[in-house]
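What the coordinates show
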Amino acid sequence: MAMIAVQLVLEQLASLVAEETRFLGGVRGGIDELRDDLCSMKSFLQDAEERSESDEGLRAWVKQVRDVAYDAEDILEEFMLRFAPSHGSGFIHFLRKTYRSTCKLSARHRLAAHLQSIKARVKAISERRNAFSLNRIDMPSTSSAAVEKWHDPRIASLYLDEADVVGIENPKHLLVSWLVEGEEKLSISKSFASTELLRVALQGFLVTANEPVPDNLQSMTDVQLIDALRKYLWRRRYVIVLDDVWDVNAWEKIKYAFPDCNCGSRIIFTTRISNLAESIENTSHVYDLQALPENEAWTLFCKKAFRGEPKAVCPPELEEMSRDILRKCEGLPLAIVAIGGLLSKKKNQGLEWKKVRDCLATELKSNNELGSLRRILQLSYDNLPYYLKQCYLYLSVFPEDYLIKRMKLIRLWIVERFVEEKQGFTMEEVAEEYLNELVNRSLIQVVEMNHFNRVKTCRVHDLMREIIQLKSREESLVMIANGTRISKNEKVRRLSIHENSEEVQSELRFPYLWSFLLFSLHHSFEHGFRNYKLLRVLNLDRAPFSCFPPELVELIHLRYLSLRWTMIRELPESIRKLKYLEILDLKRSNVSSLPSGITQLTCLCQLRNYGHSFQSSLFFPDTLGMRVPSGIGRLTSLQKLGSVEVNEDYESVRELGKLTQLRRLGILKLREEQGMDLCYTLERLKHLTAMYLVSLNKTDFLQLDSISSPPKYLQCIYLKCSLSALPGWIASLQYISKLVLQYSNLKSDPLKALQKLPSLVVLELRQAYAGEELWCDRGGFSKLKKLGLHELERLQRIRIAKGSMPGLERLDITACTVLETVPDGIENLKNIEDLVLWHMPSTFIKTIERSRGEDFWRVQHITTITRIYKGWGRWVSQTLM
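Below is a summary of the structure that appears in this document. It should be emphasised that the depicted structure is a prediction, and the values quoted were computed from it without experimental measurement. (Residues numbered from 1 in each chain as written. Predicted model: local features only at pLDDT ≥ 70, side-chain atom pairs only at ≥ 80, totals over all residues. Heavy atoms only, no water.)

A short note on the overall build of the protein chain
Of regular secondary structure, the protein chain possesses 25 helices and 28 strands. Counting only residues that meet the buried cut, the protein chain has 53% of its 881 residues in that class. Taken as a whole, the protein chain presents about 42,200 Å² of accessible surface, with 50% of it coming from carbon and sulfur. (Helix = DSSP H or I, 4+ residues; strand = E, 2+ residues; numbered from the N terminus. Buried < 20%, exposed > 50% of the residue type's maximum accessible area, 1.4 Å probe, protein only. Areas by Shrake-Rupley, 256 points an atom, 1.4 Å probe, with all protein chains shown as cover.)

Laid out in structure tokens, this is it:
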């Protein structure tokens, strides 16, 4: 983490110098010297951080580097904000400029003094590195700290008594079947050392077959070893196991040594990286290791924790505590065995077990009994590239069992400056790559995927969470307020409130705090934010505010401000002071109108505010947005804006066309006469990927046919308005993956017009069609996974030709009151898993009942059929299949 801290300071220094600013004055030389010293120090940091795990002195040195880098970042950021040139004209501006110049002169002297102090600390720390014989590494790469020498616990598994093994019967049978059955070709199911591995493999085969080992085995080159192995294995049937592979290149370097002779040979890979198997050619099977089921996990736990008890039975007084501890293991056999073994030595005393349950993180850090577990769990972290380590440790800000939303996490990573720029990609796209890599390395658990195969929500395994909380505190990355004592001498940079904390409520100051994240619903803000002058990230979701805290506008370093789900009704005009704000999230707050000062926040990338209410529909909410002031077009850095309630004048719509960097846009209360202005605006938003358009009244027609050149990268469209016909350009969108039409009241069958869209995954028609029949031709909707047909009041029949919608997984039908039965052809949809029927008449339901329904045969292959209807004043869910 010190590596990353130094890198961020170097980037700041480079940015400062690149400005060629006159206001650097006499400190330019000091800045150049500091940059050179830090560059030199950085080249030794990778080696230092890798070795610091086992060297107390080196760990202290790395901490000193990190602390001085953080302090330098504070000074430089303040300098950049205070000394940035102002713009304007006129006499008043001249007076202000003169006054500021006088103030800046003394401030420049203070900066020079601070820089001198930082430089002296850097020089002293740099000189102390000589005591550790550090190696210079100029390019950061994946850590090799994991190579620390320690007993490999896998060896013990070779000698386990079969009676001690739990939960492997089904996986064992499956793996054996893959090995002995199937095609005769060489197959790979799924984990290196090039020359040494080839040498060991050749020697192992020859010794097993009682054949002579070449005298020059130790000096053979890779090519010679590959030739020898190919010659020996040709026309032989063999099994190779490559354990714990971390890199696909490992296989690429040795694969030619193992010929595929159609003799039924097999190669087995084990790996911690889930997408590695798919990246290896000719993969036949992939087995994802599953957590133990609850009953088998309990059996294993009792065998280890109560090995001294008759039949290894848990005493009744310890059962509740035991199950709490077992829950933290989440079915991970390694954890169950290690923690169960530790508890077996606690003499079954309730207080001893309570300490383990309540302080598992401390036990993992200090108890030698859990040393192997800690090292194995940390191995995956140690092997991360340097740029992912801080992202992973940052997950400790989220409370236990918190479902982390993908976009929330991505936004936070970006404003924390954890995401590196990558040419041709947005920062959000790079951040999502980071997230996917952590998922593929099994360090993040996916809770829910959306229909586009993207992570929707995720979490961290409880034991890994304990480890990263410890690590993030050691690295001064995050402090968690959950009853843990916070030292007054601790330089807290990021504070996450999980529980109401008396220390945070008190006058305890956090003058160095960069990030404040609130996850407690009962936190009081008696002392406000006056102690947090350096704050950059402020997450106040669900905070008990009814009005905007006035001191927030003095936090001039703020990049991120989230007031989601608060009762705040308006923002002050002085919001203009937050001129470096990048993300303002007001989603589901009570703010309905923005002040004119918002137009001065030219760094804003995201401005989000919308809510929902069920006033005009039982099934689909109305969207509530915000009114924006004239001049919103000045915010040319905006990439996300929604949802905007436009005025009657044409300029309010046309001004949005100036925001040419927009990726997502929501516009509400559009009027019929604004159709041409809307088309004018949309044609100028070339980067738009998602748009949400809602008319003032659902009967208002929006004329969208005038768009001659729509944004070509559109992926998601919501149209909530009447349409005389479906705009022709929609059918030309190559990347559209989600389309929602509501109130369209189309006369022509929309399925006919949309079925050739090559990327469409989700289609919803809500009061969108006034016809009696929907028809999908053979081969239509090749990528569709979810289809929703809602409140189509005249719809009587649906026909789906065989060979269409081959990937459909879910079909929702809502309040189609005259629909006679399920779609003709639904029996051919082999991948459908869910059929959800909302508020459908009983005559329709009877046609698919198991006992007497004439169309039951059409739906009997569907995994789950759910009926949702209104009963006794509330919605009732009934599972039919």
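Comments concerning the environment of Ser652
Locating Ser652 in the fold gives a position in helix 21 (residues 651-654). Note on Ser652: relative accessible area 16%, which makes it buried. C-alpha separation for the pair Ser652 and Asp677, spaced 25 residues apart in sequence, amounts to 9.2 Å.

Focus: the sheet that holds strand 6 (residues 455-459)
Hydrogen bonds between backbone groups are what pair the strands of a sheet, and the pairing can be parallel or antiparallel. The strand order 4-6-5 describes an open sheet built from 3 strands, whose pairing is antiparallel. Because the sheet does not close on itself, it has two edges, and the strands there are strand 4 (404-405) and strand 5 (445-449). (Pairing = 2+ DSSP bridges.)

Looking at the pattern of salt bridges
Taken as a whole and judged by the stated rule, the model has 43 salt bridges. A salt bridge links Glu330 to Arg459; its shortest N-O distance comes to 2.7 Å. Of this pair, Glu330 sits in the loop between helix 11 (316-329) and helix 12 (333-343) while Arg459 sits in strand 6; the two residues are 129 residues apart in sequence, bridging distant segments of the chain. Between Glu428 and Lys640 there is a salt bridge, with its nearest N and O atoms 3.2 Å apart. Pair noted here: Glu428 is in helix 18 (residues 427-440) and Lys640 is in strand 16 (residues 640-645), with a separation of 212 residues, a long-range link. (Salt bridge = Lys/Arg side-chain N within 4 Å of Asp/Glu carboxyl O.)

Quick look at the packing of helix 15 (residues 371-382) against helix 19 (residues 462-474)
Their axes nearest at 10 Å, the elements helix 15 and helix 19 cross at an angle of 75°. Looking at the two axes, helix 15 sits roughly perpendicular to helix 19. Counting all contacts with helix 15, which are made through Arg374, Leu377, Gln378 and Tyr381, the residues of helix 19 involved are Leu463, Met464, Ile467 and Lys471. Residue classes in the contact of helix 15 with helix 19 are distributed as 5 nonpolar, 1 polar and 2 charged. (Axes fitted to C-alpha atoms, helices over the stretch in contact; angles between N-to-C directions. Parallel < 35°, antiparallel > 145°, perpendicular 65-115°, else oblique. Contact = heavy atoms within 4.5 Å. Nonpolar A, V, L, I, M, F, W, Y, C, P; charged D, E, K, R; others polar.)

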